[in-house]
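Observations on chain architecture
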Amino acid sequence: MNAPALAAVLWDMDGTLVDTEPYWMAAETPLVESFGGTWSHEQALGLVGLGLEDSARIFQEAGVRMGVREIIDHLTDDVMGQLADKGVPFRPGAQELLRSLRAAGIKTGLVTMSMRRMAQTVVDLIDFEAFDVVIAGDDATRPKPFPDPYLQACEALGVTPDQVVAIEDSPNGLRSAVASGASVIGVPLMVSVAGAGAHAVWPTLEGRQAHDIAAFHAAHRTEEHDR
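Looking at an unreviewed UniProt entry, the protein chain carries the name HAD family hydrolase, with the source organism given as Microbacterium hominis. For the protein chain, the Sequence similarities (unreviewed entry) comment in UniProt is given as "Belongs to the HAD-like hydrolase superfamily. CbbY/CbbZ/Gph/YieH family." Per UniProt, the comment on the protein chain under Cofactor (unreviewed entry) is "Mg(2+)".

The structure is reproduced here in structure tokens:
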């Protein structure tokens, strides 16, 4: 039996497609400080790739006297305001790789724990039709690091996880993608992805094209098949 061919590539958003993690951090510190608390860079790094509801509970533990939904809405509004003021900081090579995948006829999906309204803002600022499906934080049955968001994206695209490559920048995201059964590439940004299960780690997407993704997928699936 031959290894399955590549049918789709699923992308994380914050830190993978776009470098918005500094925007989130810039929103978090004043929120905690407004309730008399303190918020360190290390605490902020601990939230990278975590679902927003879980993050909101951590803010409550840090002294933020707001409901989970209020915290999520406050931070999302803040980050969207920064996006409007400063623009969308795409990671090097991300848009070029997306164009290459689309030109090759490979399906693409965005799998993010950000709210759909924010994800749609980012998608709308890409000057071509970049994604066939978006699974956002308010769509997921369970957040990353559970596999649900990636499995939902596979179902929406009509593909199986063994036909998919996922691209992630955080340990939580990588664990989610690996647990789904996809072939997974880690492209670290702010935190180490060591020990999170990535099947390959690329320092950057710059210079990468659809054929690089297809070659990685074929090699990984052949290795899995031969075990």
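**Quick look at the environment of Pro147**
Structurally, the position occupied by Pro147 is in the loop between strand 3 (133–135) and helix 7 (148–157). For Pro147 and Ala177, which are 30 residues apart along the polypeptide, the C-alpha to C-alpha distance reads 6.1 Å. The contact partners of Pro147, leaving out residues within four places of it in the chain, are Arg142, Ser176, Ala179 and Ser180.

**Points about the sheet that holds strand 5 (residues 183–186)**
The 6 strands are arranged 3-2-1-4-5-6 in an open sheet whose pairing can be described as parallel. Since the sheet does not close on itself, it has two edges, and those belong to strand 3 and strand 6 (200–201), each with one partner. Across 4 bridges, strand 1 (residues 8–11) lies against strand 2 (residues 107–111) in parallel orientation. Looking at the pairing, Leu10 lines up with Gly109 of strand 2. Where helix 5 (residues 94–103) meets the sheet, it contacts strand 1, strand 2 and strand 4 (164–168), and its direction lies at approximately 155° from that of strand 1. Against the sheet, helix 9 (residues 210–226) makes contact with strand 1, strand 4, strand 5 and strand 6, and its axis sits at roughly 125° relative to strand 5, the strand it touches most.

**So, helix 5**
All of the buried residues along helix 5 are Ala94, Leu97, Leu98, Ser100 and Leu101. Projection of helix 5 onto a plane perpendicular to its axis shows the buried side chains occupying an angular sector of 160°, all on one side. Those residues of helix 5 that are buried lie in contact with strand 1, strand 2, strand 4 and helix 9. Remark: Gly105 follows helix 5 within two positions and exhibits a positive phi of approximately 80°.

Thresholds, definitions, all that
- Residues numbered from 1 in each chain as written.
- Predicted model: local features only at pLDDT ≥ 70, side-chain atom pairs only at ≥ 80, totals over all residues.
- Heavy atoms only, no water.
- UniProt positions renumbered as here; feature names shortened; annotations may be inferred.
- Helix = DSSP H or I, 4+ residues; strand = E, 2+ residues; numbered from the N terminus.
- Contact = heavy atoms within 4.5 Å.
- Pairing = 2+ DSSP bridges.
- Axes fitted to C-alpha atoms, helices over the stretch in contact; angles between N-to-C directions.
- Buried < 20%, exposed > 50% of the residue type's maximum accessible area, 1.4 Å probe, protein only.
- Arc of directions from axis to C-beta.

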